[in-house]
Amino acid sequence: MAFFTHHICRGLSSSAVRHVVIKNVTIIGGGQMGAGIAQVAASTGHAVTLVDTNEDILKKAVKGIEGNLKRVVKKKFADKPEAGEEFLQKAMQNVSISTDAGSVVQGTDLVVEAIVENLKVKQDLFGGLDKVAPAHTIFASNTSSLSITDIASSTNRLDRFGGLHFFNPVPVMRLVEVIATSSTSQETFDSLLNFSKMLGKTSVSCKDTPGFIVNRLLLPYILDAVRMYERGDGSKEDIDIAMKLGCGYPMGPFELSDYVGLDTMKFIMDGWSAANPDNPMFAQSEVLNKLVAEGKFGKKTGEGFYKYK
Ligand SMILES: CCCCCCCC(=O)CC(=O)SCCNC(=O)CCNC(=O)[C@H](O)C(C)(C)COP(=O)(O)OP(=O)(O)OC[C@H]1O[C@@H](n2cnc3c(N)ncnc32)[C@H](O)[C@@H]1OP(=O)(O)O
Ligand SMILES: NC(=O)C1=CN([C@@H]2O[C@H](COP(=O)(O)OP(=O)(O)OC[C@H]3O[C@@H](n4cnc5c(N)ncnc54)[C@H](O)[C@@H]3O)[C@@H](O)[C@H]2O)C=CC1
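As the structure is a computational prediction, the values presented were derived from the model and not from experiment.

Strand residues, when the strand is regular, have side chains that alternate between the two faces of the sheet. Most of strand E1 (residues 24–28) is tucked away: 4 of the 5 residues are buried. Relative to strand E2 (residues 47–51), E1 runs parallel, the two being bridged by 5 bridges. Paired with Asn24 across the bridge in E2 is Ala47. Crossover E1 to E2 through helix H2 (residues 32–43) is right-handed. For E1 and strand E4 (residues 110–113), the ladder comprises 4 bridges, and the chain directions are parallel. In the sheet register, Ile27 faces E4, and the bridge partner there is Val112.

Structure representation (structure tokens):
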């Protein structure tokens, strides 16, 4: 009940409350999500620094962003190629890269973390950044399944910490889940809502609970599909076709798993399984474990449930 009241207050006061205007954004993790968030933030006028420990990944991310934006420009500015070229140049000028998060957070208003789905690694990253980032800087995690409260606990800025959960592919998917913990300030929450709006996204919010809204509902569905396949009740191809043509989903559960990344899916499952050891839903999946052990993480490695080469 206390939470409910809290959220009514958030809703009523959101237009009256001040928010931090976010101009400079540091995005940590240059993989599929980080690159997508960087693309959208840069093309909506934000100065973006994309950080990864791996320089090759950063180069690949910048190339990918440029390629995507060229496609967008070709379509959106079909009648005005000069304006399109200007848009592209401006967006690309908004993107810089770095392998050292600590040195680039000095001038940043918001850090969005999109690194590997591992609590300890995320805590270590934020714990370190907390010591060097300016006082006003807001920290946000794009975690799929971990508790924002747990991630934030490695910092001393609990009031300036929230969840900003984007969907893959970020430039296309219109939703962002904005998550406040019990310590997140109203100003931080409003700043994150406003930032999502500036990116052209629709936001929803819910309690800091496992999977938030979408993944709490999506993961059981995906795991049921994997169990169905493991039992031999249907082929993965037929299950995918069934859900696409029977439900109008753009991808079937196996295509979507490959698209998300089987490594990420396993990280999520293992985390939830450790927290709920008696829940059969999160029991180990032989098929998933085998694919991940073989380095077959899905589309990003060229093979998962399906082959992409
Ligand atoms: C699994 C375990 C549980 C989940 C755990 C963790 C995950 C999370 O935490 C949360 C998540 O993100 S869940 C995943 C959510 N995403 C989905 O459900 C995507 C489903 N697929 C689709 O919507 C379309 O197949 C899709 C949009 C991808 C492709 O659409 P089409 O088949 O129609 O293909 P196109 O005609 O080529 O594309 C349509 C428009 O989208 C643009 N586009 C496609 N891929 C893109 C990409 N990667 N980056 C940027 N733009 C992209 C494409 O250019 C085209 O644009 P227009 O020409 O302007 O229409
Ligand atoms: N894949 C998906 O569909 C979605 C994933 N997420 C979440 O977003 C996060 C990232 O996922 P993806 O982009 O798919 O993963 P990814 O594997 O494509 O990218 C992760 C990147 O983080 C980098 N990295 C790892 N540790 C780092 C560190 N300490 N400092 C800097 N960079 C580091 C890696 O080099 C890698 O490039 C995860 O928390 C995931 O749960 C959220 C929504 C959708």
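Past the structure itself, the notes keep going.
Another point: the UniProt feature "domain: 3-hydroxyacyl-CoA dehydrogenase NAD binding" (unreviewed entry) in the chain. Here the UniProt feature "domain: 3-hydroxyacyl-CoA dehydrogenase NAD binding" (unreviewed entry) sits at residues 24–209. The span residues 24–209 is 45% helical and 20% strand by assignment, and the distance between its end C-alpha atoms comes to 29 Å.

Let's shift gears to the site of ligand 1. Around ligand 1, 22 residues are found, and the nearest of them are Arg71, Ser144, His165, Asn168 and Asn215. One of the side-chain N or O atoms of His165 is found 2.8 Å from an oxygen atom in ligand 1. In isolation ligand 1 exposes 1,200 Å². Once the protein is present, 64% of that is buried. Counting residues per element, the shell around ligand 1 draws most heavily on helix H9 (residues 214–231), which supplies 4 residues. Per-class residue counts for the shell around ligand 1 are 15 nonpolar, 5 polar and 2 charged. For the shell around ligand 1, the domains that each give at least three residues are domain 1 (24–207) and domain 2 (219–300).

The next thing to look at is the site of ligand 2. Near ligand 2 lie 21 residues; those nearest to it are Asp52, Glu117, Lys122, Ser144 and Val260. The separation between an oxygen atom of ligand 2 and a polar side-chain atom of Asn142 is 3.0 Å. Residue Asn168 places a side-chain N or O atom 3.1 Å away from an oxygen atom belonging to ligand 2. Taking 840 Å² as the accessible area of ligand 2 by itself, protein coverage stands at 85%. Listed by contribution, the elements that provide at least two residues to the shell around ligand 2 are H2 and strand E6 (161–166). Broken down by class, the residue content of the shell around ligand 2 amounts to 7 nonpolar, 10 polar and 4 charged. Residue assignment places the shell around ligand 2 across two domains, with domain 1 (24–207) and domain 2 (219–300) each supplying three or more.

Enumeration according to the criterion identifies 16 salt bridges in this entry. When the shortest N-O distance is used, the salt bridge between Lys120 and Asp124 registers 2.8 Å. In this pair, Lys120 and Asp124 are both assigned in helix H6 (residues 119–132), 4 residues apart and thus about one turn of the helix distant. For Lys120, a relative accessible area of 52% puts it in the exposed group. Judged by relative accessible area, Asp124 falls into the partly exposed class, the value being 46%. Linking Lys300 and Asp263 is a salt bridge whose minimum nitrogen-to-oxygen distance equals 3.1 Å. A residue pair is termed long-range when its members are at least 10 positions apart, and Lys300 in the segment after helix H13 (286–293) and Asp263 in helix H12 (residues 262–275) qualify at 37 residues. Overlapping salt bridges bring together Lys290, Glu294, Lys296 and Glu303 as one network.

What counts, and where the lines are drawn
Residues numbered from 1 in each chain as written. Chains lettered and ligands numbered in written order. Predicted model: local features only at pLDDT ≥ 70, side-chain atom pairs only at ≥ 80, totals over all residues. Heavy atoms only, no water. Buried < 20%, exposed > 50% of the residue type's maximum accessible area, 1.4 Å probe, protein only. Helix = DSSP H or I, 4+ residues; strand = E, 2+ residues; numbered from the N terminus. Pairing = 2+ DSSP bridges. Right-handed = clockwise from strand over helix to strand, strands pointing away. UniProt positions renumbered as here; feature names shortened; annotations may be inferred. Near = heavy atom within 4 Å. Polar contact = N/O pair within 3.5 Å; in protein donor to acceptor, adjacent residues only side chain to side chain. Areas by Shrake-Rupley, 256 points an atom, 1.4 Å probe, with all protein chains shown as cover. Nonpolar A, V, L, I, M, F, W, Y, C, P; charged D, E, K, R; others polar. Domains from an automatic or database assignment. Salt bridge = Lys/Arg side-chain N within 4 Å of Asp/Glu carboxyl O.

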